[in-house]
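Inside the fold
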Amino acid sequence: MQKRLYLHRLIGLLIGCGGLFLLQGCESGIDRQGNEVKDERTIVLGFAQVGAESSWRLANTKSIKEAATAESMQLMYINGEQKQENQIKAIRSFIAYQVDAILVSPVVETGWENVLNEAKLAKIPVILTDRAIKTNQSDLYAAFVGSDFNKEGRMAGEFLMKKFAYESDDVNIAELYGTVNSSPAEGRSRGFKETIKDNPRFKVICSQSGDFMHSKGKEVMRSILSTYKDIDVLYSHNDSMTLGAIEAMEEVGIIPGKDIIIITIDGEQKAIDALKDRKVNCVIECNPKLGDTIVDLTKKLLNGENIPSTVFVDDEVFTEWDDLSTLPPRGY
Ligand code: AHR
């Protein structure tokens, strides 16, 4: 930390570099003693990640680490272990360290005002990666980069309506919910329900949180199956929970993808394999490879350029009706 503060002071003393020195730096400068000093200035990013709850999350972390390394940026990475308090503590340590920018993937949507106001006061820009927040204060962060979760939910609902277009019976849906009060879970649920709401035969008969985790997905699915005997569809907010739920179904002799239609989100290789094996019927992609976009935006931001406040990445839909034989490996 001392070295870091020293570097900041030293760079602050360099003459003629103006506001751009943070990113572009000077090739060299003169210190107080009149010696030539090489500018060692490296952009330092603090990254408060949600955790390591899924393969999706691991791929997301990898993408951001690789993109920062490729641009010779220093990344201070902290695994929040699914706890907002850990992420808040991490952001405070980034502020104390005077990083150049803070990346945060907020585990839940609310409760960020205090710490983000502290970052604002310290003039450290914040970029929300993957997950969004709910706040009335629009100047607490510079940009959001990630998927449109509402749209993912709508795409899930659209598949469901097509799948059951030629049947007239009621369709009982179990929803495996992600982390309560997290933007992906809220958006995916909202988008899905908006899409099916005008057709009363689609009924979400239970909705329980598996916290985006394999083990909890399995546990919750076991409990749903023991309570409800008439589930037609599982709508699961992520692949990790889905893979756990499939295990729970197979334990009791239910054929996933046939006895219970399964719609899942993320697009992990294992979910695509399950789609090819007919254990899953539809996979909505959530693209975890956000690193290049985030690093590019951060560079622009630190260069004083205007950046868009929301950048949605593209997500695809893979269904049981598609030819998946040429689909390249997913990489996560
Ligand atoms: O925020 C994105 C979600 O978080 C992904 O769908 C899930 O796998 C992760 O836990």
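Rules used in this analysis
- For every chain, the first residue of the written sequence is number 1, and numbering continues from 1 along that sequence.
- Note on the predicted model: pLDDT of at least 70 is required for a residue's local features to be given, and 80 or more for side-chain atom pairs to be given and counted; whole-chain, interface and lining totals, by contrast, use all residues.
- Values shown for side chains rest on all heavy atoms present in the structure; no hydrogens or waters enter the calculation.
- For the purposes of this entry, the term helix denotes a DSSP run of H or I that reaches at least four residues, the term strand denotes a run of E that reaches at least two, and both are numbered from the N terminus.
- Buried, partly exposed and exposed residues are distinguished by accessible area as a fraction of the type maximum, computed with a 1.4 Å probe on protein chains only: under 20%, between the cut-offs, and over 50%, respectively.
- Contacts are residue-level and defined by heavy atoms, with any inter-residue pair within 4.5 Å sufficient.
- Whether a residue is near a molecule or strand is decided by its heavy atoms; if any one of them lies within 4 Å of it, the residue is near.
- Counting of polar contacts relies on pairs of N or O atoms within 3.5 Å, with two restrictions inside protein: one atom must be capable of donating a hydrogen and the other of accepting it, and residues adjacent in sequence are counted only when both atoms are side-chain atoms.
- Residue type decides the class: Asp, Glu, Lys and Arg count as charged, Ala, Val, Leu, Ile, Met, Phe, Trp, Tyr, Cys and Pro as nonpolar, and the leftover types, Gly among them, as polar.
- As annotated, the domain borders come from an automatic or database domain assignment.
- For every residue, the predictor states its confidence as a pLDDT score lying anywhere from 0 to 100.
- For two strands to be treated as a pair, DSSP must find at least two bridges joining them.
- For helices, the fitted line uses only the C-alpha atoms of the stretch in contact; every axis is such a line through C-alpha atoms, and the angle between N-to-C directions lies from 0 to 180 degrees.
- What counts as a salt bridge is simple: a side-chain nitrogen of Lys or Arg found within 4 Å of a carboxyl oxygen of Asp or Glu.

Considering the overall build of the protein
- Assigned secondary structure in the protein consists of 10 helices and 14 strands.
- Among the 332 residues that make up the protein, the fraction classed as buried is 52%.
- Considering only contacts within the protein whose residues lie at least 6 apart along the sequence, 72% involve residues at least 24 apart.

Looking at the site of the ligand
- Every residue close to the ligand is listed here: E53, S54, W56, R57, D130, R131, P184, R188, F212, N238 and D266.
- Between an oxygen atom of the ligand and a side-chain N or O atom of D130, the distance comes to 2.9 Å.
- Put simply, the parts of the chain that give the shell around the ligand at least two residues each are α2 (55-70) and α6 (183-196).
- Its residues assigned to classes, the shell around the ligand shows 3 nonpolar, 2 polar and 6 charged.
- Two domains each donate at least three residues to the shell around the ligand, and these are domain 1 (2-147 + 288-314) and domain 2 (149-286).

Looking at the confidence of the model for the protein
- Within the protein, residue pLDDT values average 91, and 89% of them lie at 70 or more.
- Note that residues 5-27 has pLDDT below 50 and, in this model, 29 contacts with residues that lie over four places away or in other chains.

Considering the sheet that holds strand β12 (residues 282-285)
- Reading across the sheet, the 6 strands line up as β9-β8-β10-β11-β12-β14 and stay open at both edges, with mixed pairing between neighbours. Across the chains shown, the open sheet's two edge strands, defined by having one partner strand only, are β9 (202-209) and β14 (317-319). Taken over all neighbouring pairs, the strand axes of this sheet differ in orientation by 15° on average, direction set aside.
- In this sheet, β9 lies alongside strand β8 (residues 171-177) in parallel orientation, the contact comprising 7 bridges.

Overview of the pattern of salt bridges
- Counting across every chain of the model gives 20 salt bridges.
- One salt bridge connects R131 with E53, and the closest N-O pair in it is separated by 3.8 Å. Of this pair, R131 sits in the loop between β6 (126-129) and β7 (143-146) while E53 sits in the loop between β3 (44-49) and α2, and the two are 78 residues apart along the sequence. The same class applies to R131 and to E53, which are both buried.
- D130 is the partner of R57 in a salt bridge, and the nearest nitrogen-oxygen pair spans 2.8 Å. Taken together, the residues R57 in helix α2 and D130 in the loop between β6 and β7 connect sequence positions 73 residues apart.

As for the environment of I127
- Considering the arrangement of structural elements, one finds I127 in strand β6.
- The spacing of I127 and T298 is 171 residues in sequence and 7.8 Å in space, taken between C-alpha atoms.
- If sequence neighbours within four positions are ignored, I127 has contacts with I102, L103, V104, A143, V145, I294, L297, T298 and L301.

A short note on the environment of K193
- Turning to its location among the elements, K193 is positioned in helix α6.
- Distance from K193 to K203, taken between C-alpha atoms, is 9.4 Å for residues 10 residues apart in sequence.
- Once residues within four sequence positions are removed from consideration, K193 is found in contact with E175 and V204.
- Of note is the side chain of K193, whose polar atom sits 3.3 Å from the side chain of E175.

Quick look at the pairing of β7
- In β7, alternate side chains face the same way, and those of A143 and V145 on one face and F144 and G146 on the other are all buried.
- Pairing geometry for β6 and β7, over 3 bridges, is parallel. Along β7, the bridge assignment pairs T129 with V145.
- As paired strands, β7 and strand β13 (residues 310-312) are joined by 3 bridges and run parallel to one another. Directly across from F144, in β13, lies its bridge partner T310.

Looking at the sheet that holds β3
- Here we have 6 strands laid out as an open sheet, ordered β4-β3-β5-β6-β7-β13, and parallel in their pairing. The open sheet has two edge strands, β4 (74-79) and β13, and neither has a second partner. Between one strand axis and the next, the sheet turns by 15° as a mean value, whatever way the strands run.
- The strands that helix α10 (residues 291-302) touches are β3, β5 (101-104), β6, β7 and β13; relative to β6, the one it contacts most, it runs at about 165°.

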